[in-house]
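# Reading the structure
Chain by chain, the residues run as shown.
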Amino acid sequence: SKLEYRGYDSAGIATLEKDSIKVAKDKGRVENLYNLEDTKKLEGSIGIAHTRWATHGIPSKINSHPHLDNSESIAVVHNGIIENYIELKNMLIKNGYHFISDTDTEIIPNLIHYYYNKDDGHDDLKLLRAVKKTCDSLIGSFSLEILSKYMPDNMIVVRKDSPLVVGKGNGENYVASDIPAILSYTKDFYLLDNYEYVLLSRDNIKFYNKNLNEISKETTTITWDAMAADKDGFEDYMLKEIMEQPKAIRETIGSRLDGNKCNFSELDSDFSKEFLSSLHQIYIVACGTAMHVGLCVKNTIENLCKIHVEVDIASEFRYRDPIVDDKTLCIFLSQSGETADTIAALKLSKEKGAKTIAITNVIGSSITREADYSIYTHAGPEIAVASTKAYTSQVVLMTILAIYFAEILGTADESLLVDIKKNILELPKKIEEVLKCDEEITKFAKKIYQEKDVFFLGRGIDEAIAREGSLKLKEISYIHSESYPAGELKHGSIALIENGVTVVGVMTDKDLVKKTVSNIQEVITRGAKTLVVSNQDIDKSMFDVVIDIPETNCFVSPILAIVPLQLLSYYISKEKGLDVDKPRNLAKSVTVE
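Now for a description of the structure that goes with this document. Positions within a chain are numbered from 1, following the residues in the order the chain's sequence is written. Under the rules for a predicted model, residues below a pLDDT of 70 receive no local features and side-chain atom pairs below 80 are neither given nor counted, while totals for whole chains, interfaces and linings still include all residues. Side-chain descriptors were evaluated using all non-hydrogen atoms of the structure, hydrogens and water having been removed beforehand.

A few words on helix H18 (residues 557–575). For H18, built from 19 residues, the straight-helix expectation of 27 Å at 1.5 Å per residue is met to within 8% by its first-to-last C-alpha distance of 28 Å. For every residue, the accessible area (1.4 Å probe, protein chains only) is compared with the maximum for its type, and the residue is labelled buried under 20%, exposed over 50%, or partly exposed between those bounds. Secondary structure elements are taken from DSSP: a helix is a run of H or I of four residues or more, a strand is a run of E of two residues or more, and numbering for both begins at the N terminus. Burial runs high along H18: 17 of the 19 residues are buried. A helix's residues, less one, multiplied by 1.5 Å, set its expected span.

Okay, here's the thing in structure tokens:
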């Protein structure tokens, strides 16, 4: 149930009994399993379980994991996508196997069975060899948990481009696709690389490389508080995580900004003035909310460092042969550190000779093992699918990184950098002030929660905030929303504005506030309802609702301005009676292409 934010189309469990594998599964949420007769029959103390986010085959009991082979001797749960499953399925059908589901996963237990029967050996590693041959045949991404009657005291696990961690207990061991799921049982984790096979028993954990040679691995201790992954009295994880932003940002600032000094010791030796001066451009590559972080800090890096910055969507970047070489720095943002498209884009950049930095919230995640350098936010576990505290923590960290580069290069006025640092250090307290607007936001949410279309407007850095606000509303309320640079309205999109439509404006840039006010007047003239987030001196009587946020440096304002928009999305979703933490069709960590 603690992994349900990763997928909730269906759920299932298999346990290994003395002489059989028993399975309980159904479509829908994990809670559905409690009332199944099949669940009541589960008695084994070695088991595998899965919460599904459908890729192949509709959500149904038959398509739910775990999947069994034809002989019901092997059970498998699988995260990822097998790209060549049709060819493998046809091969197995020719060899007498049959299939009952529409999934790509069902080929895996049958393929293991096929290779197991073709192996003439009688040693303890026969099943492991069959698993290895199966994995060698698979094209795509996978993390697998495997049970079998052939090894009744063991579980086999393996990963390739899909997250998997092993937790070391006392007289018990654990496997999960994300750390928070088992954090209340252990803080000692083994982080697996691609094609590392693990043979687990109650008391033992053995690791094998891709050639099945036994290897040793060190544990990593995770210092997150297990309670941080609980709701702690809040109705939803998303609200809890919005309210945790002062703490998350305080932790992220941490040792990175010590008084007036930026500290990135992991970069010091290589990021010299000579290297930074040699850069032709910086790419910031990410997906979704993390990409919006890049848009927020693009302006900051260009202004402070005088280096051209391009922000690119990872799934597009990797397919358009980007102009990347050894004079390029590529920064990759991923909250989970497991985003498949972002990791693939990182690998491509390294092949082209670029230096790469990963910025993520999860120690030991896949992206950190691929990048040349890794920098961590310290937001703590984020469970709600719609990102809030991880987003603001990344904007903070990237802003400090921009200052660090500017100080090395000597490209920005020192008094400006001092002012930005001062404002960053004041952020936790100022966000606490912003969070007090929730009552006003709730009232506005009650007025507009039945809207079909909402528009978000901003200029300059405020346009990046508008994009993220629009995405939050789409994600959790299912209201169609669009964000536009306010100056672009009159070039076509103002045709969509009609009487009663809701427009949300962001105004934090003093150089552009008059322009934005003028643009929003254009929608008011056409009958729009308006909510404005601002820290500027504006005529509030023009707008229906104005949310005041504290004054701050314009490079820091995105961190404050997004908070009311997060709350707006949250309260609209609550008014609609939706599941805020688990919006339809979305998963927290997108580990497939």
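Moving on, there is more to tell.
So, on to the environment of glutamate 37. Position of glutamate 37 relative to the elements: it lies in helix H1 (residues 37–40). The exposure class of glutamate 37 is exposed, given its relative accessible area of 51%.

Right, let's talk about the sheet that holds strand S22 (residues 453–458) for a bit. Two strands make a pair as long as DSSP finds a minimum of two bridges between them. Spatial ordering of the open sheet is given by S23-S22-S24-S25-S26, a layout of five strands whose pairing is parallel. Of all the strands in the sheet, the pair left with one neighbour each is strand S23 (480–485) and strand S26 (545–548). Strand after strand, the sheet turns through a mean of 15 degrees between neighbouring axes, direction not considered. Pairing geometry for strand S25 (residues 529–534) and S26, over four bridges, is parallel. Residue pairing for S26: leucine 531 is matched across the bridge by valine 545. Contact between two residues is taken to exist if any of their heavy atoms lie within 4.5 Å; hydrogens are not considered. Simply put, an axis is a line fit to the C-alpha atoms, just over the touching stretch for a helix, and the angle between two N-to-C directions goes from 0 to 180 degrees. Sitting on the sheet, helix H17 (residues 513–525) is in contact with S22, strand S24 (502–507) and S25, with an inclination near 175 degrees to S24.

What follows concerns the pattern of salt bridges. Each salt bridge in this description consists of a side-chain nitrogen of Lys or Arg and a carboxyl oxygen of Asp or Glu lying within 4 Å of one another. One pass over the full model with this rule turns up 31 salt bridges. The salt bridge involving aspartate 123 is made with arginine 129; its shortest N-O contact spans 2.8 Å. Owing to a relative accessible area of 38%, aspartate 123 belongs among the partly exposed residues under this scheme. Two residues, lysine 352 and aspartate 321, come together in a salt bridge whose shortest N-O distance is 2.8 Å. Separated by 31 residues along the polypeptide, lysine 352 in the loop between helix H10 (340–351) and strand S20 (355–360) and aspartate 321 in the loop between helix H9 (314–317) and strand S19 (328–334) bring together distant segments of the chain. Assessed through its relative accessible area of 27%, lysine 352 is described here as partly exposed. A network of salt bridges, in which partner residues are shared, links Lys160, Asp161, Lys347 and Glu370.

Following both chains from N to C, one finds helix H12 (residues 389–409) and H18 inclined at 170 degrees, their axes separated by 10 Å at the closest point. Considering their axes alone, H12 and H18 lie roughly antiparallel with respect to each other. Counting all contacts with H12, which are made through Tyr391, Thr392, Val395 and Val396, the residues of H18 involved are Ile559, Ile562 and Gln566. Of the residues that constitute the contact of H12 with H18, the class distribution is five nonpolar, two polar and no charged. What sets the label is the angle itself: under 35 degrees gives roughly parallel, over 145 gives roughly antiparallel, 65 to 115 gives roughly perpendicular, and the rest give oblique. All residues other than Ala, Val, Leu, Ile, Met, Phe, Trp, Tyr, Cys, Pro, Asp, Glu, Lys and Arg, Gly among them, are scored as polar; the first ten of these are nonpolar and the last four charged.

This next bit is on the packing of aromatic side chains. Two rings belonging to Phe, Tyr or Trp (six-membered ring only in the last case) form a pair when the distance between their centres is within 6.5 Å. Interplanar angles under 30 degrees mark stacking, angles over 60 mark edge-to-face geometry, and anything in between is tilted. Within this structure, the stated rule accounts for 14 aromatic pairs. Note on phenylalanine 271 and phenylalanine 275: the rings are 5.2 Å apart at their centroids and 80 degrees apart in plane angle, and the pair reads as edge-to-face. Since its relative accessible area comes to 13%, phenylalanine 275 is described here as buried. Taken together, the ring pairs in this structure connect Phe264, Phe271, Phe275, Tyr373, Tyr404 and Phe405 into an aromatic cluster. Geometry around phenylalanine 275 places lysine 355 over its ring, the cationic atom sitting 4.5 Å from the centre. Above the plane of the ring of tyrosine 478 lies arginine 584, whose end atom (NZ or CZ) is 3.9 Å from the centre. Either the NZ atom of lysine or the CZ atom of arginine qualifies as a charge over a ring when it sits within 6 Å of the ring centre and within 35 degrees of the ring normal.

Considering the arrangement of structural elements, one finds serine 349 in helix H10. By relative accessible area, serine 349 is classed as buried at 0%. Each residue touching serine 349, except ones within four places of it in the same chain, is listed here: Phe317, Val324, Cys330, Phe332, Ala354 and Thr356.

Between histidine 65 and the following residue, proline 66, the backbone shows a cis peptide bond with an omega angle of 0 degrees. Of note, the phi angle at lysine 306 is positive, near 60 degrees, even though the residue is not glycine. By secondary structure assignment, the location of lysine 306 is in the loop between helix H8 (288–305) and strand S18 (308–313). For lysine 306, a relative accessible area of 57% corresponds to the exposed category. One non-glycine residue, tyrosine 478, lies in positive phi territory at about 65 degrees. Position of tyrosine 478 among the secondary structure elements: in the loop between helix H16 (461–477) and S23.

Bringing the sheet that holds strand S4 (residues 67–68) into the picture now. On the basis of which strands lie adjacent, the open sheet formed by seven strands has the order S4-S5-S6-S7-S11-S12-S13 and antiparallel pairing. Because the sheet does not close on itself, it has two edges, and the strands there are S4 and strand S13 (214–215). Both strand S11 (residues 197–200) and strand S12 (residues 205–208) contribute to a ladder of four bridges, which runs antiparallel. Paired with leucine 199 across the two strands is lysine 206, which belongs to S12.

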